[in-house]
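# Close look at the chain arrangement
One-letter residues, chain by chain:
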Amino acid sequence: MRATTAFNKMLAIPGAHVAAVTFTAEGVVVDLARRAKRLRCPCGWSTRALYDRSTRSWRGLDLGATKLILRAEIRRLSCRRCGRVRTEDVPWARPGARFTRDFEDVVAWLAQRMDKTAITRLLRCSWEAVAKIVGRVVADQLHDSRLDEVYRIGVDEVSYRKGHRYLTVVADHDRDGAVIWAGEGKKAATLEQFYDQLGETRTAQLQAVSMDLGAAFKKATDTRAPQARQCADPFHVIALANEAINKARRWSWNLERDKARAAAIEAGTKRRGRPPAGTPAPRDQARWVKHSRWALLKDPDALEPKQLEVLHELRRSGSVLYRCWQLKEGLRDLYRLPDPTDVPMHLDWWLAWACRSRIPAFVTLSKTVRTNRDRVLAAIELGLSNSKLEGLNSKIRLINHRGYGHHSAAALIAMIYLCCGGLTIALPMER
Ligand SMILES: [Zn+2]
């Protein structure tokens, strides 16, 4: 068997056959001869008229430990549809790529699973090449049709670059929380870009949008998708309750400390002002307050005996923090009620309780929740939560940890689509 025949069978390059095989120091160079005479623009338009020609090389999947280089004449055409000179499309590689489709698909498949350094070592390509390949494969695989049958979505912000920058991410509740859109920023205008891309007809199909309690996403949804029911994501509601606990802890800590100081001054044991260094805390209670953080925030079922003891101590001493804890758990009960018809009544009872609590952080929280009463109830009625989106923050940390996506927002967005967009990359050996 001739070498060209063997390579033809082995490589099975679409739209071309092997004309020559050369063994060089760099690897095996395979010269390809095209079958089609017509030139196809990447836009789909085709012609027989040629503008000019040159030779280009593409890196293919290694043959054992030997690099494979495909070489072919590539032509340019003057596309009437694009109105400019463009390089023709070749069946074995994506436009502009210097790697074959097979090579790029393997990189993308690996990028879903392993760190960047491992890929660059395994496939002998640069970091930049991996990032560009991911961008190209995602652009190739991400079809606008993913937005066709979208009815219930969740919107959330995710942070990157150590919390200094933000992306807005949209997930499809009916497709297991797959990310269908991501954009830079966290403003109303960012989400409006999504509604723009969705278009009027498809936006009008939206039935429900779950989101945080902020103003930005609400504003964009109010104007663009007024028919959709807005849901306040339970995660964000509980997060606000936890924030209120933390605020209340500091508030009550200051309260206790001031009380202790006043008592000390009254007893004549201490002068006004800063206590000298090394002085033990004026009263145990202030320390309790400080050390009660996890006992107050954690799910009661998950509390360790020591934390449970903290909670009991707070209850026995009649601490205001115990009431904070009760308020937080009372709000969480909203999402644990066995009978959904009890939910509105429970919420109203909680709002009244929190409002009269005289704990500033919880009075503020009750106001926020009251303003969003309908959206909180809608989330429970429709059973929508952004739990999948919440997992995205940790997924992004993992993507960063694996060495991807901290160079540009575009690179990170491509990785989010690749890893969280429900894209299936078919390996060449599985096709
Ligand atoms: Zn064209």
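Residues numbered from 1 in each chain as written. Predicted model: local features only at pLDDT ≥ 70, side-chain atom pairs only at ≥ 80, totals over all residues.

## A few points about the overall build of the chain
Regarding its fold elements, the chain presents 16 helices and 12 strands. Its C-alpha atoms give the chain principal-axis dimensions of about 100 × 55 × 40 Å. For the chain, the proportion of its 431 residues judged to be buried stands at 34%. Sequence separation of at least 24 residues holds for 58% of the intrachain contacts in the chain that already meet a minimum separation of 6. (Helix = DSSP H or I, 4+ residues; strand = E, 2+ residues; numbered from the N terminus. Buried ≥ 20, exposed ≤ 12 C-beta atoms within 10 Å, placed from the backbone. Contact = placed C-beta atoms within 7 Å.)

## Some points on the nonpolar core
In this structure, Val134, Val169, Cys324, Phe362, Met415, Ile416 and Leu418 are the most contacted members of the largest nonpolar core, which totals 92 residues. No other element matches the 9 residues that helix H16 (residues 409-420) contributes to this core. Ignoring sequence-local partners within four residues, the contact set of valine 134 consists of Ala108, Ala111, Ala414, Met415 and Leu418. (Core = buried A, V, L, I, M, F, W, Y, C linked by C-beta atoms within 7 Å.)

## Things to note about the sheet that holds strand E11 (residues 208-211)
Across the sheet, 5 strands lie side by side as E10-E9-E8-E11-E12; this open sheet has mixed pairing. Each having just a single partner strand, strand E10 (178-184) and strand E12 (229-232) make up the two edges of the open sheet. Looking at each pair of strands side by side, their axes are set apart by 25 degrees on average, direction ignored. Where E11 meets E12, 4 bridges bridge the pair, whose relative direction is parallel. Bridging across to E12, methionine 211 finds its partner in alanine 232. Packing of helix H6 (residues 216-224) onto the sheet brings it into contact with strand E8 (152-160), E11 and E12, and relative to E11 it is tilted by some 165 degrees. Contacts from H16 reach E8, strand E9 (165-172) and E10, with the element oriented near 175 degrees to E10. (Pairing = 2+ DSSP bridges. Axes fitted to C-alpha atoms, helices over the stretch in contact; angles between N-to-C directions.)

## A word on unusual backbone geometry
If you check the backbone angles, alanine 12 has positive phi at about 40 degrees while not being a glycine. Of note, arginine 358 is a non-glycine position whose phi angle comes to about 60 degrees, a positive value. For arginine 358, a count of 9 C-beta atoms within 10 Å puts it in the exposed group.

## A word on helix H2 (residues 101-111)
Burial analysis of H2 places 8 of its 11 residues in the buried class, the great majority of the element. Within H2, the full set of buried residues consists of Arg101, Phe103, Glu104, Asp105, Val106, Val107, Ala108 and Ala111. Residues of H2 that are buried in the fold lie against strand E5 (52-63), helix H3 (116-123), helix H4 (127-141) and H16.

## Section: helix H7 (residues 234-266)
Given 3.6 residues per turn, any residue in an α-helix points the same way as the ones three and four places further on. Under the 1.5 Å per step criterion, the end-to-end length of H7 is 47 Å for 33 residues, consistent within 8% with the ideal 48 Å. Restricting attention to buried positions, one finds in H7 the residues Pro234, His236, Val237, Leu240, Ala241, Ala244, Ile245, Ala248, Arg249, Ser252 and Glu256. At the C-terminal side of H7, glycine 268 shows a positive phi close to 75 degrees. (Expected span 1.5 Å × (residues − 1).)

## What about the packing of H7 against helix H13 (residues 360-371)?
Running from N to C, H7 and H13 point in directions that differ by 160 degrees, and their axes come no closer than 8 Å. The angle between H7 and H13 falls in the class roughly antiparallel. Judged by the sense of rotation from one axis to the other, the crossing of H7 with H13 is right-handed. Contact residues: H7 offers Val237, Leu240, Ala241, Ala244, Lys247, Ala248 and Trp251, while H13 offers Pro360, Ala361, Phe362, Leu365, Thr368 and Val369. Here the contact of H7 with H13 is composed, by residue class, of 11 nonpolar, 1 polar and 1 charged. (Parallel < 35°, antiparallel > 145°, perpendicular 65-115°, else oblique. Left-handed = near helix turned anticlockwise from the far one by under 90°. Nonpolar A, V, L, I, M, F, W, Y, C, P; charged D, E, K, R; others polar.)

## Describing the confidence of the model for the chain
Where the model shows low pLDDT, its predicted coordinates should not be examined in detail. The predicted model of the chain has a mean per-residue pLDDT of 89, with 94% of residues at 70 or higher. Within the chain, helix H8 (residues 284-291) has the poorest average pLDDT of any element, 64, and H2 the best, 97. (pLDDT = per-residue confidence, 0-100.)

## Observations concerning the environment of alanine 72
Tracing the backbone shows alanine 72 in strand E6 (residues 66-79). C-alpha separation for the pair alanine 72 and alanine 295, spaced 223 residues apart in sequence, amounts to 68 Å. With sequence-adjacent residues up to four places away left out, alanine 72 is seen in contact with Ala16, Leu32, Arg34, Arg56 and Val90.

## With respect to the pairing of E8
With 7 of 9 residues buried, E8 lies mostly within the body of the structure. Strand direction decides the pairing type here: E8 and E11, joined by 3 bridges, are parallel. Bridge pairing in E11 places isoleucine 153 opposite valine 209. Where E8 lies against E9, 8 bridges are found, and the strand directions are antiparallel. Looking at the pairing, glutamate 157 lines up with threonine 168 of E9. Between E8 and E9, which pair antiparallel in sequence order, lie 4 residues; one of them, arginine 161, sits at a positive phi of approximately 50 degrees.

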